[in-house]
Amino acid sequence: MRCGVDMRGKEGFSCKTSRKNDKIVVLFLMFPVLLVSLFLSIKILPAKYYFDNARILSMVTKSGAMQAWEGSYRTAANIFSFLDVFKLSTLPQWRILLCVVFMVVFDLLILCAAGPGTIESFYILASYALLNIYVFNIGKDIIQFCIFLVVAIVLAIPSRKYIWKEVLAILIISSESLFFRDYYILVAVLVAVSILVLEYAYSSLRKEELSNRIVLRRTFFQVLTFIFAMMIVLYVASNAMYTQVATVRYATNESRLGGTNANSMINDWIIPNKRNANPILFILNYIVDAIRMLFPVELLFKGVTYLPFCLFQIFTIYFIIRAVRECLKDSTHIQRAFLGVFIGYFLASVFFEPDFGSWIRHEIAVFPILLFIILPPSSIRRVPQMRDRGNSWR
């Protein structure tokens, strides 16, 4: 048991006061973190970190400074062109405006979440810094942040009709594949699978006399079996589609090999997954790449500058592992849905992420989901469940 939490999931007065004070401290420190983040992003960090942002800005302003790209770039440019009521023309202008606007959004998220402890407070502030540096700017990642913010709001709405909320959340994610990023249909499928598997695991612990370790092991193999079966079906039904999915990372990184921005690339270790990779080779590389993304210790051998990213990822995985254990022990349907959204997103990311930098940037863009996994608001902890004892996730 942690600070002041008894066997019935109730916190003592001193613990509630401490967590309330920690939340006040987090809100108070957000503005200094914002200033430091703006200074780093505008004055210190190199332009290569904002290559996509500069391209979209060029498309919005029609300056011709960079070649216009179609697809998600065109969608993002159209969205920001519509929103550009102030006729902003530089990245710092967009960054300052969006950082200030989304500081309010971030404040509201923190106010809705449960009170953080000391470790959670540091993690929240680190996440806020990363959001200011990489996400809150003219670009594609802030659109992704907003989509997952809507998903988090839908799931957190107080209601006993949890199935409809989960279905709506999955539809919102899948709709992104229609107008923004094609691969989000895969994210939606894996989110749905992850939620179902978590529900089955939770039910199994109550209907069968099994240990948590056995259930977790079985859950892992169920998810892996689904992914392998999906790739086999693609391989048999449409070799062209299979090749596109299985080799998308290799195709992205092939032109970057030997370049100055290739330090953190995620290349397959078990025979590079080239154009005609078979499903068995793919699934072996998939498992290895997933472990590498969860625990990016290899970055420590590439330079001390990667240490903050390694630490952030280690803390993220610590919170996710803690959430999985507590979710199977005692949780509500919606708490399991939040966890399923993140797990499904991660499983899809293993297919595509070309490097660790992109993974951290995309991972932090789902912060609304992460926050409510780590610190679930009362609206999802106190929805009555049939003997679910779902009023505590601590």
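Computed from a predicted model, the values in this text were never measured in an experiment.

**Here we look at the overall build of the protein chain**
Within the protein chain one finds 17 helices and 0 strands. The proportion of buried residues among the 394 residues of the protein chain is 53%. Expressed as a percentage of contacts within the protein chain between residues at least 6 apart in sequence, the contacts between residues at least 24 apart total 72%. Accessible surface for the protein chain amounts to roughly 19,300 Å². Of this, 68% is attributable to carbon and sulfur atoms.

**Notes on the packing of aromatic side chains**
Per the counting criterion, the structure on display carries 26 aromatic pairs. Ring centres of Tyr183 and Phe352 lie 4.8 Å apart, and the angle between their planes is 35°; this geometry places the pair in the tilted category. With a gap of 169 residues between them, Tyr183 in the loop between α7 (162-179) and α8 (184-207) and Phe352 in helix α14 (residues 333-352) connect regions that are remote in the sequence. Phe352 sits in the buried class, given a relative accessible area of 18%. Taken together through their ring pairs, the aromatic side chains of Phe148, Tyr183, Tyr184, Phe282, Tyr286, Tyr345, Phe351 and Phe352 make up a single cluster. When the ring centre of Tyr50 is taken as origin, the NZ or CZ atom of Arg95, which lies over that ring, is 4.6 Å away. The residue whose ring lies beneath Lys140 is Tyr73, and the NZ or CZ to ring-centre distance is 3.9 Å.

**Quick notes on the nonpolar core**
Phe338 and Phe351 are the most contacted members of the largest nonpolar core, which totals 119 residues. The greatest single-element share of this core, amounting to 13 residues, is contributed by α14. Those residues within four positions of Phe351 in sequence are excluded, and the remaining contacts are Leu186, Leu190, Ile227, Met230, Met231, Val245, Val248, Arg249, Phe282 and Tyr286.

**Looking at unusual backbone geometry**
Located in the positive-phi region is Lys62, a residue other than glycine, with phi close to 60°. Along the chain, Lys62 turns up in the loop between α2 (51-61) and α3 (72-83). The exposure class assigned to Lys62 is exposed, which follows from its relative accessible area of 70%. At Lys87, a position not held by glycine, the phi torsion is positive, near 55°.

**Here we look at the pattern of salt bridges**
Under the criterion given, the structure shown has 9 salt bridges. Each of Arg249, Asp268, Asp289, Arg292 and Glu298 takes part in one network of salt bridges that share partners.

**As for the packing of α8 against helix α13 (residues 307-329)**
Orientation of α8 relative to α13, taken along the N-to-C sense of each, is 50°, at an axis distance of 8 Å. One way to sum up the angle between α8 and α13 is to call them oblique. Here α8 contributes Leu198, Ala201, Tyr202, Leu205 and Arg206 to the contact with α13, which in turn contributes Cys327, Leu328 and Lys329. By residue class, the composition of the contact of α8 with α13 is 6 nonpolar, no polar and 2 charged.

**Notes on α2**
Along α2, the residues that are buried comprise Asn53, Arg55, Ile56, Leu57, Ser58, Met59 and Val60. Residues of α2 that are buried sit in contact with α3 and α4 (91-112). Downstream of α2 by a residue or two, Lys62 has a phi angle that is positive, lying close to 60°.

**Overview of the layout of surface pockets**
The computed volume of the second largest pocket comes to approximately 760 Å³. In this structure, the second largest pocket is lined by 26 residues; those nearest its centre are Phe220, Leu294, Val324, Ile343 and Phe346. Taken together, the residues of the lining of the second largest pocket break down into 23 nonpolar, 2 polar and 1 charged.

**Let's talk about the side chain of Arg336**
As for its placement among the helices and strands, Arg336 is situated in helix α14. Within the structure, the side chain of Arg336 is placed 2.9 Å from the side chain of Ser331, a separation counted as a polar contact.

**Points about the packing of helix α9 (residues 212-237) against helix α10 (residues 239-246)**
At their nearest, the axes of α9 and α10 sit 5 Å apart, and the two run at 135° to each other. As judged from the angle between their axes, α9 and α10 are oblique. The segment α9 lies against α10, with Met231, Leu234, Tyr235 and Ala237 engaging Asn239, Met241, Tyr242, Val245 and Ala246. The residue inventory of the contact of α9 with α10, partitioned by class, reads 8 nonpolar, 1 polar and no charged.

**Remarks on the confidence of the model for the protein chain**
On average, the protein chain scores 85 in pLDDT, and the residues at 70 or more come to 88%. With pLDDT under 50 throughout, residues 4-10 is counted as low confidence; its partners more than four residues away or in other chains account for 11 contacts. Segment residues 382-394 is flagged for pLDDT under 50; beyond a separation of four residues in sequence, or across chains, it makes 42 contacts in the model.

**Considering the side chain of Arg55**
Inspection of the secondary structure assignment puts Arg55 in helix α2. The buried charged residue Arg55 lacks any salt bridge partner; its closest oppositely charged side chain belongs to Asp52, at an N-O distance of 5.2 Å. At 2.5 Å, the side chain of Arg55 forms a polar contact with the backbone oxygen of Gln67. Apart from the residues within four sequence positions on either side, Arg55 is in contact with Met66, Gln67, Trp69 and Tyr73.

**Thoughts on the environment of Ala323**
With respect to the helices and strands, Ala323 occurs in helix α13. Along the chain, Ala323 and Ile374 lie 51 residues apart, while their C-alpha atoms are 6.9 Å from each other.

Rules of the game
- Residues numbered from 1 in each chain as written.
- Predicted model: local features only at pLDDT ≥ 70, side-chain atom pairs only at ≥ 80, totals over all residues.
- Heavy atoms only, no water.
- Helix = DSSP H or I, 4+ residues; strand = E, 2+ residues; numbered from the N terminus.
- Buried < 20%, exposed > 50% of the residue type's maximum accessible area, 1.4 Å probe, protein only.
- Contact = heavy atoms within 4.5 Å.
- Areas by Shrake-Rupley, 256 points an atom, 1.4 Å probe, with all protein chains shown as cover.
- Phe/Tyr/Trp six-rings, centres within 6.5 Å; stacked < 30°, edge-to-face > 60°.
- Lys NZ or Arg CZ within 6 Å of the ring centre and 35° of its normal.
- Core = buried A, V, L, I, M, F, W, Y, C linked by side-chain atoms within 4.5 Å.
- Salt bridge = Lys/Arg side-chain N within 4 Å of Asp/Glu carboxyl O.
- Axes fitted to C-alpha atoms, helices over the stretch in contact; angles between N-to-C directions.
- Parallel < 35°, antiparallel > 145°, perpendicular 65-115°, else oblique.
- Nonpolar A, V, L, I, M, F, W, Y, C, P; charged D, E, K, R; others polar.
- 1 Å grid on protein atoms, 1.4 Å probe; cavity = no way out; pocket = protein on both sides within 12 Å on 5 of 7 lines; lining within 4 Å.
- Points joined across faces, edges and corners; volume = space filled by probe spheres on them.
- Polar contact = N/O pair within 3.5 Å; in protein donor to acceptor, adjacent residues only side chain to side chain.
- pLDDT = per-residue confidence, 0-100.
- Lys, Arg positive; Asp, Glu negative; His and termini not counted.

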